[in-house]
Amino acid sequence: MASPDSLGQFEQLVLTAILSLHDDAYGVTIHSKVQELARPKEISLGAVYITLDRLEDKGLVASWLSDPTPERGGRAKRCYRLEALGERALQESAVTAKRIWDVIAEVWGKEWAREWGKRWGKEAR
Amino acid sequence: MKAGPSRAAEALVAILTPPACREEVLGDLYERYRSPRQYGLEAMRTIPLVIISRIRRTADPQVLLMQAFVLYLSFLGAAWSIDRTLLQEQWGLMRLAIPAATTILGIVLEDAYAKPGRRSALKLVRRPVIGVGLALLSQGVLSTGNLNLALPRWIAPYGCAMSLLLSSAVRLLFPPVTDQLQGANAPALWLKQAGGSGDNRAVGVAFQWAATVVGAAIAGAWMADRLTLPKPRVIGSLLLLSIAFQLWKRG
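Residues numbered from 1 in each chain as written. Chains lettered and ligands numbered in written order. Predicted model: local features only at pLDDT ≥ 70, side-chain atom pairs only at ≥ 80, totals over all residues. Heavy atoms only, no water.

(A) Highlighting the overall build of chain A. When helices and strands are counted, chain A shows five helices and two strands. Seen in sequence order, chain A has helices and strands lined up from the N terminus as α-α-α-β-β-α-α. If one aligns the C-alpha atoms of chain A with their principal axes, the spans along those axes are about 55 × 35 × 20 Å. Scored against the burial criterion, the 125 residues of chain A give a buried share of 42%. (Helix = DSSP H or I, 4+ residues; strand = E, 2+ residues; numbered from the N terminus. Buried < 20%, exposed > 50% of the residue type's maximum accessible area, 1.4 Å probe, protein only.)

(B) Region of interest: the packing of aromatic side chains. Residue and element names in this part refer to chain A. With the rule as written, the count across this model stands at four aromatic pairs over all chains. Pairing W108 with W112 gives two aromatic rings, centres 5.0 Å apart and planes at 75 degrees, and the pair type is edge-to-face. With relative accessibility at 25%, the residue W112 sits in the partly exposed group. (Phe/Tyr/Trp six-rings, centres within 6.5 Å; stacked < 30°, edge-to-face > 60°.)

(C) Up close: helix 11 (residues 231–249) of chain B. All names here are of chain B. A rise of 1.5 Å per residue sets the reference length of helix 11, with its 19 residues, at 27 Å; its end C-alpha atoms lie 27 Å apart and thus fit the reference within 8%. Listed in full, the buried residues belonging to helix 11 are V234, I235, S242 and Q246. For helix 11, the arc enclosing every buried residue in end-on projection is 100 degrees, short of the 170-degree limit, so these residues lie on one face. Of the residues in helix 11, the exposed ones pointing more than 90 degrees away from the buried face are P232, R233, L240, L241, L247 and W248. (Expected span 1.5 Å × (residues − 1). Arc of directions from axis to C-beta.)

(D) Representation of the packing of helix 2 (residues 19–31) of chain B against helix 3 (residues 36–58) of chain B within the structure. Residue and element names in this part refer to chain B. Close contact between helix 2 and helix 3 brings their axes to 11 Å; oriented N to C, the two are set at 155 degrees. With respect to helix 3, the axis of helix 2 lies roughly antiparallel. Judged by the twist between their axes, the crossing of helix 2 over helix 3 is right-handed. Residue-level contacts link A20, C21, V25, L26, L29 and Y30 of helix 2 to Y39, E42, A43, T46, V50 and R54 of helix 3. For the contact of helix 2 with helix 3, the per-class residue count stands at nine nonpolar, one polar and two charged. (Axes fitted to C-alpha atoms, helices over the stretch in contact; angles between N-to-C directions. Parallel < 35°, antiparallel > 145°, perpendicular 65-115°, else oblique. Left-handed = near helix turned anticlockwise from the far one by under 90°. Contact = heavy atoms within 4.5 Å. Nonpolar A, V, L, I, M, F, W, Y, C, P; charged D, E, K, R; others polar.)

(E) Here's a closer look at the side chain of R72(A). Mapping R72(A) onto the fold places it in the loop between strand 1 (61–65) and strand 2 (78–82). Looking at R72(A), the relative accessible area reads 0%, which means it is buried. Within the structure, R72(A) has its side chain in polar contact with the backbone oxygen of A76(A) (distance 3.0 Å). For R72(A), the side chain forms a polar contact with the side chain of E31(B), separated by 2.8 Å. Contact partners of R72(A), with chain neighbours within four places excluded, come to Y26(A), V28(A), K77(A), E24(B), G27(B), D28(B), Y30(B) and E31(B). (Polar contact = N/O pair within 3.5 Å; in protein donor to acceptor, adjacent residues only side chain to side chain.)

(F) Molecular detail of the side chain of T102(B). You can see T102(B) is positioned in helix 6 (residues 92–112). Beyond its immediate chain neighbours, meaning those up to four positions away, T102(B) contacts G131(B), L134(B), A135(B) and S138(B).

(G) Expanded view of the pattern of salt bridges. In total, this model carries 15 salt bridges over all chains according to the counting rule given. A salt bridge links E11(A) to K58(A); the shortest N-O distance between them is 3.0 Å. Note that E11(A) is positioned in helix 1 (residues 9–21) and K58(A) in the loop between helix 3 (45–57) and strand 1, a separation of 47 residues in sequence. In this structure E11(A) comes out as buried when scored by relative accessible area, which is 4%. When salt bridges with common partners are traced through the structure, they connect D53(A), E56(A), D57(A), R56(B) and R57(B) into a single cluster. (Salt bridge = Lys/Arg side-chain N within 4 Å of Asp/Glu carboxyl O.)

Purely spatial values, then, with no claim about function.
Quick look at the structure:
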């Protein structure tokens with residue numbers, strides 16, 4: 001199995017969005033989820049398309065066209081799902097992020113980490 | 001019923017969007033529609049990125065470089081055989097690059113806007129024809145607007161004819177990634193990195209070597225003229241440098 005390249009931050013966000021959306025991952029929903037994950041940064045739909053294409057070229061996600069629906073003006077959706085390689089790449093990214101967090105918490109103290117954890121929790125809600 | 005964009009606006013967006021991703025892009029923009037202004041702004045922000053992404057997927061830098069090389073060589077050959085005074089002018093070599101660059105632009109856009117899944121030799125030749133048509137058109141525009149940038153009368157048509165032949169040959173030898181059979185459903189990047197069949201790879205390597213030698217000879221001759229140094233020495237040094245670079249690149 002080919003080893004996945006390391007992922008950029010935006011690629012991690014898009015992969016996470018696809019993972020969380022399960023069977024409902026397509027352009028609009030992925031964009032909304034990425035926007036939610038990346039806030040307060042503004043994310044354009046085009047940036048999401050470029051990243052999805054790149055991830056598909058790398059073999060990290062697969063796509064297919066669904067049936068056309070009337071709420072989309074009779075147009076089909078391009079749905080996405082994570083491939084095994086994509087899942088592995090995302091796992092590696094998550095492990096790295098966790099390691100970074102552990103080191104920061106160790107250096108800046110557990111109190112600080114708890115404080116920040118609370119603040120992020122409030123923002124997420 | 002949900003309000004949607006006007007037919008004219010949607011038709012315009014459809015024309016500008018490459019066919020390979022038209023369906024989903026139009027659908028997504030329709031679903032996010034709130035007002036004509038929002039639709040227009042979102043389309044303007046999205047379509048350029050969709051085109052760039054499509055170009056990135058369909059263009060193979062190595063093949064493009066080869067094509068740029070044969071195109072420039074075609075116009076250089078035409079200038080050499082018709083009017084050598086152009087080569088001595090200050091911006092002569094640069095002027096020859098304009099039709100070559102326009103042809104490349106035409107080929108790149110035609111690749112990006114090609115409908116996926118249709119394979120035919122005619123389609124491979126059609127792209128250089130469109131590129132060359134664009135080059136002739138640009139020469140027509142330049143000759144009416146800025147005579148200093150346009151090529152002398154017969155160089156452009158001769159160069160275009162020659163580049164059509166050479167460029168079509170390159171296209172037939174190295175078809176675009178999207179036109180290659182994808183039986184194993186391999187991601188496009190892997191196909192690009194694989195570089196097609198073994199035969200094509202060997203031709204590609206031979207082509208690169210030839211391009212290196214000719215490129216070094218042309219650049220050397222030009223530099224020797226500018227710096228009034230002995231031509232053989234400059235060309236020889238450049239050749240050695242470029243061969244050393246190619247060997248270093250291949251490890």
